[in-house]
Each structure stands twice: as structure tokens, then as C-alpha cells.
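Reading the structure
For reference, the chains in residue letters:
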Amino acid sequence: MTNSAPIKISAKDVAVFYGNNQALHGISMDVYQNEVIAFIGPSGCGKSTFLRCMNRMNDTIEHCRVTGSILLDNQDIHQPELDVVQLRAQVGMVFQKPNPFPKSIYENIAYGPKLHGLAARKADLDDIVESSLRRAGLWNEVKDRLDQPGTGLSGGQQQRLCIARTIAVSPEVILMDEPCSALDPIATLIIEELIDELKQNFTIVMVTHNMQQAARISDRTAFFHMGNLIELGNTNDLFTNPKLKRTEDYITGRYG
Ligand SMILES: Nc1ncnc2c1ncn2[C@@H]1O[C@H](COP(=O)(O)OP(=O)(O)OP(=O)(O)O)[C@@H](O)[C@H]1O
């Protein structure tokens, strides 16, 4: 990833407080269009908190306060007139545990496009459902059982269903919070391959506990520690030649 790619998200001096407890301190970073950027760091260092800043999911947590600025395509995501539902369609999110709606496979995908008025006719909706499932690499496995419950799929299939559901509303950025941590190695590999394909069309920001995973699939990696962004660099450089001792200690397993 060259730094000449357009900036998709720009965070400046972002701090997050849960009540009186400050979880993030002055985080600034740019996320480039069509990159995969991974957040790593020990448990509780603030990776998920920072991820949630990018589509204002922290708004849903009581006592959580965010300061600083976050621009999406140069627009402030905290401006009062911004439609948060629209923001979360533009910046979609896939969670650690697959969480399909208790509805059919078809309805899981169709729900968002219907809500956002993206399909005028049933045929348009059918097209969105099919293309989203294809892009998530799930179509062939589910095309003959679209009316069956999404919750009846395997864990890995459910996670791809959730990715398809996110894609269905045409996001620009996909936030992934440890998307493989509940999956077995084969399902994990399928999702990793999928992420590699998805970056052609989307910008992907991913939290992972798994350093090998960050090394395999991300273009850049950000290392967080105790609420601070310690080092951000090209993934290869960060893992082979970290600039700071704290990063080196973490990636070599000296703590964490
Ligand atoms: N909903 C919440 N209410 C209060 N404190 C929270 C909440 N969510 C996170 N925190 C606190 O904020 C800090 C950062 O947590 P966060 O979940 O962002 O870290 P993380 O690096 O993603 O951790 P993990 O890898 O364990 O998921 C921690 O001290 C955590 O206890």
C-alpha cells in the first residue's frame, strides 16, 4: 500500500472515556482507501474502542464519551446533521461472534437494502441478495436454501452471511472486530481469503488478537498499548523491523 492512495478516514487526537476512565489517548491516524489495516495489541489496550469510533458505535454505550475528530471522505462524522444510520451503512461492521438475524438467509441480506430503499422492485432485491452472497463467497453453499434460517448455517458460513449482510448496503468501509476468533482454522482461512478479495472494493479495518493473521492479510498494522497508538507502519516492516522497543517486545511475545 503506497501512501499516495486517497485518505478514507482521518482520525485526529481521538480520546475516549468510559465514565471517568480514559480508554484512548490522543489517537491520530489516516486510513487509506482500499487498504486492509489491522489493529493489534494486548487485551484492553483500546483496539475495539477505536474501531467503534469509526462508525460512532460508541454512541450506543452509556457513559462513553469521544473527543477529537474523525473525518470520513473529509466529512466530520460528528457533525450534528449527520444521519448515523446512513453512516453505519457507509461504514459497516462485522462482529467477533457471527450474529445473523433470526430470519431466513434471504431476509438477513434483504433487510438492510429494504431499510435504506436500495431496491425498488423484488427483482432488484433478488439481485442484491445474490450479488452480496456471491461477493461473500457463500452463494453456492446457500442458493438452494435461501428461505431457511441464517442461524442454521455453520459458524464460518454465518460469519460470511454477516459479511454479505454488511456488503448488501454498499458500504465503503468494513470494520471487523476479531471476525475469525470464533471460527475454526478452515473457516478462518476462507474469511482471510475473502478479506483479501474484498479490499479491491472496500477499505477494511480489522481488530485481531492473532499477529500471524495481521501479518498474513493486512497492508498496514497499528500497535496499541494501554490506550495509546504506539506504532503504525507497513505490516512487513512492523513485524520484521519494528521502530520501537515496545512494539518489538510485543511481537516477540515478551508481554501481552
Ligand atoms: N462498554 C464499556 N464500558 C466501560 N469500559 C469499557 C467498555 N468497553 C471497553 N472498556 C474499557 O476500555 C478499555 C479498552 O477496551 P477495548 O475493548 O477497546 O480493548 P481491546 O484492545 O479491544 O481489548 P480486547 O482485545 O480484550 O478485546 C479497557 O480498559 C476496557 O475495560
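Read on for an overview of the structure.

1. A short note on the sheet that holds strand 10 (residues 228-234)
An order of 6-7-8-3-9-10 is seen for the six strands of this open sheet, with the pairing classed as mixed. Looking at the sheet topology across the chains shown, the edges are occupied by strand 6 (91-94) and strand 10. Averaged over all pairs of adjacent strands, the angle between strand axes in this sheet comes to 20°, irrespective of strand direction. Of the strand pairs in this sheet, strand 3 (residues 36-40) and strand 8 (residues 203-207) are connected by four bridges, and their pairing is parallel. The residue of strand 8 that forms the bridge with Ile37 is Val205. Set on the sheet, helix 7 (residues 185-198) makes contact with strand 3, strand 7 (173-177) and strand 8; between it and strand 8 the angle comes to about 145°.

2. A short note on the state of the cysteines
Per the counting criterion, the structure on display carries zero disulfides. With no disulfide partner, Cys53 has as its closest neighbouring cysteine sulfur the one in Cys64, 7.0 Å distant. Looking at Cys162, it has no disulfide partner, and the nearest cysteine sulfur is the one in Cys180, 12 Å off.

3. Remarks on the pairing of strand 4 (residues 64-72)
The sheet contact formed by strand 1 (residues 7-18) and strand 4 spans eight bridges and is antiparallel. Each residue of the ladder has a partner; that of Ala15, found in strand 4, is Thr67. Alignment of strand 4 against strand 5 (residues 75-76), held across two bridges, turns out to be antiparallel. Residue Leu71 lies in a different strand from strand 5, and its bridge partner there is Asp76.

4. Re the side chain of Glu192
Within the secondary structure layout, Glu192 lies in helix 7. Filtering out sequence-adjacent residues up to four positions away, Glu192 remains in contact with Gln213, Arg216 and Ile217.

5. Describing the pattern of salt bridges
Per the counting criterion, the structure on display carries twelve salt bridges. Glu141 is paired through a salt bridge with Arg160; the nearest N and O atoms lie 2.8 Å apart. Of this pair, Glu141 sits in helix 5 (residues 139-142) while Arg160 sits in helix 6 (residues 155-167), placing them 19 residues apart in sequence. Judged by relative accessible area, which is 5%, Arg160 ranks as buried. Here Glu192 ties to Arg216 by a salt bridge, and the two come within 2.7 Å at their closest N and O atoms. Of the two residues, Glu192 sits in helix 7 while Arg216 sits in helix 8 (residues 211-217), which places them 24 residues apart along the sequence.

6. Description of the site of the ligand
The full set close to the ligand counts 14 residues, and Ser43, Gly44, Lys47, Ser48 and Thr49 are the nearest of them. Side-chain polar atom of Lys47 to an oxygen atom of the ligand: 2.7 Å apart, as the coordinates give it. When the ligand sits alone it has 630 Å² of accessible area, and the protein chains cover 63% of it. The residue inventory of the shell around the ligand, partitioned by class, reads five nonpolar, six polar and three charged.

7. Some details on the environment of Arg65
By the element assignment, Arg65 lies in strand 4. Looking at Arg65, the relative accessible area reads 46%, which means it is partly exposed. For the pair Arg65 and Ile195, spaced 130 residues apart in sequence, the C-alpha to C-alpha distance is 31 Å. When near neighbours in sequence (up to four residues on either side) are disregarded, Arg65 contacts Ala15, Val16 and Phe17.

8. Focus on the packing of helix 3 (residues 105-115) against helix 6
One can describe the packing of helix 3 onto helix 6 by two numbers: an axis separation of 7 Å at closest approach and a directional angle of 30°. Relative to helix 6, helix 3 is oriented roughly parallel. Between helix 3 and helix 6 lies a crossing of right-handed hand. Side by side, helix 3 and helix 6 meet where Ile105, Asn108 and Ile109 of the first sit next to Leu161, Ala164 and Arg165 of the second. Broken down by class, the residue content of the contact of helix 3 with helix 6 amounts to four nonpolar, one polar and one charged.

Reading the values: rules and limits
- Residues numbered from 1 in each chain as written.
- Predicted model: local features only at pLDDT ≥ 70, side-chain atom pairs only at ≥ 80, totals over all residues.
- Heavy atoms only, no water.
- Pairing = 2+ DSSP bridges.
- Helix = DSSP H or I, 4+ residues; strand = E, 2+ residues; numbered from the N terminus.
- Axes fitted to C-alpha atoms, helices over the stretch in contact; angles between N-to-C directions.
- Contact = heavy atoms within 4.5 Å.
- Disulfide = S-S within 2.5 Å.
- Salt bridge = Lys/Arg side-chain N within 4 Å of Asp/Glu carboxyl O.
- Buried < 20%, exposed > 50% of the residue type's maximum accessible area, 1.4 Å probe, protein only.
- Near = heavy atom within 4 Å.
- Polar contact = N/O pair within 3.5 Å; in protein donor to acceptor, adjacent residues only side chain to side chain.
- Areas by Shrake-Rupley, 256 points an atom, 1.4 Å probe, with all protein chains shown as cover.
- Nonpolar A, V, L, I, M, F, W, Y, C, P; charged D, E, K, R; others polar.
- Parallel < 35°, antiparallel > 145°, perpendicular 65-115°, else oblique.
- Left-handed = near helix turned anticlockwise from the far one by under 90°.

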